[in-house]
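If you want the building blocks of each chain, they are given just below.
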Amino acid sequence: MYAPSLLDPAAESLKLSDVCGATQVAREARTLLGERFSSVTFMYVLMRAYEVEYNAARDASRWHEFHSGPRALSDADLEKLLAPWLDR
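One structure accompanies this document, and this report is about it. Quantities reported herein were computed from a predicted structural model and do not represent experimental measurements.

### Here's the deal with the packing of helix 2 (residues 22-33) against helix 3 (residues 39-50)
Viewed as axis vectors pointing N to C, helix 2 and helix 3 meet at an angle of 110°, and their least axial separation amounts to 11 Å. Between helix 2 and helix 3, the crossing angle belongs to the class labelled roughly perpendicular. Where helix 2 crosses over helix 3, the handedness of that crossing is right-handed. In this structure, helix 2 uses Val25, Ala26, Ala29 and Leu33 to contact helix 3, whose residues at the interface are Thr41, Phe42, Val45, Leu46 and Tyr50. Here the contact of helix 2 with helix 3 is built from residues that sort into 8 nonpolar, 1 polar and no charged.

### Some details on the pattern of salt bridges
Pairing is possible between side chains that carry opposite charge, provided their charged atoms lie close to one another. Summed over the entire model, instances satisfying the criterion amount to 6 salt bridges. For Asp8, the salt bridge goes to Arg48, with nearest N and O atoms at 3.3 Å. Taken together, the residues span a long stretch of sequence, with Asp8 in helix 1 (residues 4-16) and Arg48 in helix 3 at a distance of 40 residues. Residue class for Asp8 comes out partly exposed when judged on its relative accessible area of 25%. When the shortest N-O distance is used, the salt bridge between Asp59 and Arg58 registers 3.5 Å. With a relative accessible area of 22%, Asp59 lands in the partly exposed category. Sharing partners across several salt bridges, the network here consists of Arg27, Arg30, Glu65 and Asp75.

### Here's the deal with helix 5 (residues 75-86)
For helix 5, spanning 12 residues, the distance from its first C-alpha to its last is only 14 Å, which falls clearly below the expected 16 Å at 1.5 Å a residue. All of the buried residues in helix 5 are Leu78, Leu82, Trp85 and Leu86. Down the axis, helix 5 shows its buried residues gathered within 65° of arc, on one side only. Those residues of helix 5 that are exposed and aimed more than 90 degrees away from the buried face are Ala76 and Lys80.

### Section: the environment of Tyr50
Within the fold, Tyr50 resides in helix 3. For the pair Tyr50 and Lys15, spaced 35 residues apart in sequence, the C-alpha to C-alpha distance is 6.8 Å. In this structure the side chain of Tyr50 is engaged in a polar contact, spanning 3.2 Å, whose partner is the backbone oxygen of Leu14.

Conventions used here
Residues numbered from 1 in each chain as written. Predicted model: local features only at pLDDT ≥ 70, side-chain atom pairs only at ≥ 80, totals over all residues. Heavy atoms only, no water. Axes fitted to C-alpha atoms, helices over the stretch in contact; angles between N-to-C directions. Helix = DSSP H or I, 4+ residues; strand = E, 2+ residues; numbered from the N terminus. Parallel < 35°, antiparallel > 145°, perpendicular 65-115°, else oblique. Left-handed = near helix turned anticlockwise from the far one by under 90°. Contact = heavy atoms within 4.5 Å. Nonpolar A, V, L, I, M, F, W, Y, C, P; charged D, E, K, R; others polar. Salt bridge = Lys/Arg side-chain N within 4 Å of Asp/Glu carboxyl O. Buried < 20%, exposed > 50% of the residue type's maximum accessible area, 1.4 Å probe, protein only. Expected span 1.5 Å × (residues − 1). Arc of directions from axis to C-beta. Polar contact = N/O pair within 3.5 Å; in protein donor to acceptor, adjacent residues only side chain to side chain.

Right, here's the structure in full:
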């Protein structure tokens with residue numbers, strides 16, 4: 001796991017970025033985190049940037065672009081899951 005000092009700048013940049021929708025947020029997080037991008041670091045920056053609750057961030061970490069399998073979330077599922085926090 002990375003130290004918060006390595007992830008907080010990405011969370012702050014994500015918070016200030018002009019992206020709309022959960023899929024764009026996830027892709028922007030991937031760009032900002034670069035080689036540090038994983039389901040765990042994605043969870044962290046979601047919680048820091050948008051105050052997403054832990055359980056929702058954990059579920060979002062199953063997004064199909066970095067998690068495969070029967071429980072993977074589609075883009076539409078990710079949008080629906082994160083809408084309460086991103087629509088603020």
